[in-house]
Amino acid sequence: MEMRTEELEKRREMAQKIAGSLKKRNIEGFYCRDKEEALKLVLSMVPDGAKVGWGGSVTLDQIGLFDGLREKNCVMLDLKEGGKDPEETERIYRESVGADFFFMSTNGITENGELVNIDGAGTRLGRMIYGPKHVIIIAGINKISKDIESAVDRIQNEVCPILAVRSGRNTACGNLGRCGNCFTPDSMCCEIVITRKSRQNGRMKLVLVGEELGY
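What you are looking at is a predicted structure, and each value in this text was computed from that prediction instead of being measured.

S.K.: So what about helix α1 (residues 5-24)? Which residues, and what values?
M.R.: Taking 1.5 Å as the rise per residue, α1 with 20 residues should run 28 Å; its terminal C-alpha atoms sit 30 Å apart, in good agreement. For α1, the full list of buried residues reads L8, R11, A15, I18, S21 and L22. The buried residues of α1 occupy an angular sector of 145° when projected down its axis, which confines them to one face. Set apart from the buried face of α1 by more than 90 degrees, the exposed residues are T5, E6, K10, K23 and K24. Trailing α1 by a residue or two, N26 shows a phi angle of about 65°, which is positive.

S.K.: Give me the sheet that holds strand β9 (residues 191-195): which residues, what numbers.
M.R.: If you walk across this open sheet you meet the four strands as β8-β5-β6-β9, and the pairing is mixed. At either margin of the open sheet sits one strand with a lone partner, and together these are β8 (144-145) and β9. Pairing analysis gives two bridges linking strand β5 (residues 108-110) to β8, with the strands arranged parallel. The residue of β8 that forms the bridge with T110 is S145. Seen against the sheet, helix α7 (residues 148-167) touches β5, β6 (115-119), β8 and β9 and runs at an angle of roughly 35° to β6.

S.K.: Could you give an account of the environment of S21, with specific residues and numbers?
M.R.: Topologically, S21 is positioned in helix α1. On the accessibility criterion, S21 (10% relative accessible area) is buried. Contacts of S21, omitting those with residues within four sequence positions, involve E111, N112 and G113.

S.K.: Account for the pattern of salt bridges, with residues named and values stated.
M.R.: For the coordinates displayed, the defined rule picks out 13 salt bridges. A salt bridge links D48 to K72; the nearest nitrogen and oxygen atoms lie 3.3 Å apart. Of this pair, D48 sits in the loop between α2 (35-44) and β2 (51-54) while K72 sits in the loop between α4 (65-71) and β3 (75-78), placing them 24 residues apart in sequence. Here D48 falls in the exposed class, since its relative accessible area comes to 60%. Given the relative accessible area of 18%, K72 is considered buried. For the salt bridge of R124 with D119, the shortest nitrogen-to-oxygen distance reads 3.6 Å. For the pair shown, R124 and D119 are each scored as buried. Overlapping salt bridges bring together E88, R91 and E95 as one network.

Conventions we followed
- Residues numbered from 1 in each chain as written.
- Predicted model: local features only at pLDDT ≥ 70, side-chain atom pairs only at ≥ 80, totals over all residues.
- Heavy atoms only, no water.
- Helix = DSSP H or I, 4+ residues; strand = E, 2+ residues; numbered from the N terminus.
- Expected span 1.5 Å × (residues − 1).
- Buried < 20%, exposed > 50% of the residue type's maximum accessible area, 1.4 Å probe, protein only.
- Arc of directions from axis to C-beta.
- Pairing = 2+ DSSP bridges.
- Contact = heavy atoms within 4.5 Å.
- Axes fitted to C-alpha atoms, helices over the stretch in contact; angles between N-to-C directions.
- Salt bridge = Lys/Arg side-chain N within 4 Å of Asp/Glu carboxyl O.

As structure tokens, then:
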């Protein structure tokens, strides 16, 4: 069903507000109506043959990013793919730090422009914070929360239980359907990172998509 004009306008206005908040945080914000428009925009930012890395993300898969990057003959560094071989894992981890572009989604965005992310191993967030020349973050409109507290609550009590079940992790949230503040070996809440500003000019870009993407 095609989205009503009023809802589209509401989403556009919210995105514009967040883009203004991102600007003062030295993060460039973009709004795309749908995933097709977002893919076109993102690929226009990447030169042919660039070295690109990414962390695990349903959103990136949903917009068709990887096929688009292959068509541009990019050098692909998938942080999760290397897990099949320890030496290959180490090579990918090492090379991805110096990638031209690092792609990811974000677990949450506040209306005031803060990025809220929760991770287990921290490889995704480590590269967001430091290393790759450019970081491009793609997120659906469903990732927006009023503030940091509500963003963390949504991630821990709505998103993490889904991800725990999908990945077969033994966590309290996977077993209970809500956060249990667990310390199990499979805990996905080892790192909670709030990004309030990017120090490097032009490094971070956030593409907000007017569709629900990821979790």
